[in-house]
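Geometric and topological summary
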Amino acid sequence: MASIFGEVNPPLVQYGTWSLGFVPFLNNILRLVFVIAGLFALVNLITAGFQFMGAAGDPKQIEKAWSKIWQSIIGLVIIVGSFLLAAIFGYLIFGSPTAILYPEIWGPGTPPPAATP
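Note that the coordinates shown come from a computational prediction; the quantities given were computed from them, not determined experimentally.

Some points on the overall build of the protein chain
A count of helical and extended segments in the protein chain gives 2 helices and 2 strands. In the protein chain, the succession of helices and strands from N to C terminus is β-β-α-α. Out of the 117 residues belonging to the protein chain, those deemed buried represent 11%. Put simply, 45% of the contacts in the protein chain that link residues at least 6 apart link residues at least 24 apart. Surface exposure of the protein chain reaches about 9,400 Å², of which carbon and sulfur atoms provide 74%.

A short note on the packing of aromatic side chains
Each aromatic ring pair is described using two quantities: the centre-to-centre distance and the angle formed by the ring planes. Taken as a whole and judged by the stated rule, the model has 2 aromatic pairs. Consider the rings of phenylalanine 52 and tryptophan 66, whose centres lie 5.4 Å apart with planes at 70 degrees: the pair is edge-to-face. Of this pair, phenylalanine 52 sits in helix H1 (residues 22–53) while tryptophan 66 sits in helix H2 (residues 59–94), and the two are 14 residues apart along the sequence. On the basis of relative accessible area, phenylalanine 52 is assigned to the partly exposed category, the value being 34%.

Some remarks on the layout of surface pockets
A volume near 190 Å³ is recorded for the second largest pocket. Every residue lining the second largest pocket is listed: Leu26, Asn27, Leu30, Arg31, Phe34, Ser82, Phe83, Ala86, Ile100, Leu101 and Tyr102. Mapped onto the lining of the second largest pocket, the elements with two or more residues apiece are H1 and H2. Here the residues of the lining of the second largest pocket sort into 8 nonpolar, 2 polar and 1 charged.

Quick word on the packing of H1 against H2
Packing of H1 against H2 leaves a shortest axis separation of 9 Å and a crossing angle of 160 degrees. Comparing their axes, H2 and H1 come out roughly antiparallel. For the crossing formed where H1 meets H2, the hand is left-handed. For the contact of H1 with H2, the per-class residue count stands at 14 nonpolar, 7 polar and 2 charged.

Remarks on the environment of glutamine 71
Its place among the elements puts glutamine 71 in helix H2. The exposure class assigned to glutamine 71 is exposed, which follows from its relative accessible area of 56%.

Thresholds, definitions, all that
- Residues numbered from 1 in each chain as written.
- Predicted model: local features only at pLDDT ≥ 70, side-chain atom pairs only at ≥ 80, totals over all residues.
- Heavy atoms only, no water.
- Helix = DSSP H or I, 4+ residues; strand = E, 2+ residues; numbered from the N terminus.
- Buried < 20%, exposed > 50% of the residue type's maximum accessible area, 1.4 Å probe, protein only.
- Contact = heavy atoms within 4.5 Å.
- Areas by Shrake-Rupley, 256 points an atom, 1.4 Å probe, with all protein chains shown as cover.
- Phe/Tyr/Trp six-rings, centres within 6.5 Å; stacked < 30°, edge-to-face > 60°.
- 1 Å grid on protein atoms, 1.4 Å probe; cavity = no way out; pocket = protein on both sides within 12 Å on 5 of 7 lines; lining within 4 Å.
- Points joined across faces, edges and corners; volume = space filled by probe spheres on them.
- Nonpolar A, V, L, I, M, F, W, Y, C, P; charged D, E, K, R; others polar.
- Axes fitted to C-alpha atoms, helices over the stretch in contact; angles between N-to-C directions.
- Parallel < 35°, antiparallel > 145°, perpendicular 65-115°, else oblique.
- Left-handed = near helix turned anticlockwise from the far one by under 90°.

Set out below in C-alpha cells:
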C-alpha cells in the first residue's frame, strides 16, 4: 500500500554502475579539473621544450623556457600532492585512503555498513 506522503529516497541513487547525486557530481568535476590541469601542464612542457630548443643560445629565451618548465613541474607536483594529502587525511580521519577521493553518503533507507571490531 502506498503512503499518502510518498517515500523518502536516499540522496545517492545507483543505476547499474552510474551514481547520481551531488557528491558524485562534485567528484566527477574535481577529476575533470585534475585531468585538464595535467593536460595543460603536459602542453606547457612540450611548448617550453620547443621554446628551449629554438632559443639558439639567447640567455633570455633560455631562462624564459626554463621558467615555464619549472612552473609546469611545480603544477604537476601540486596535483599529485593533493591526491597524496587526500589519501593521508582520509586514512587518518576515516580509516580508508579512498574515503575522501570516493566519498559515500548514507541517507534514509540505506544503512551504513556494519562496523568491524
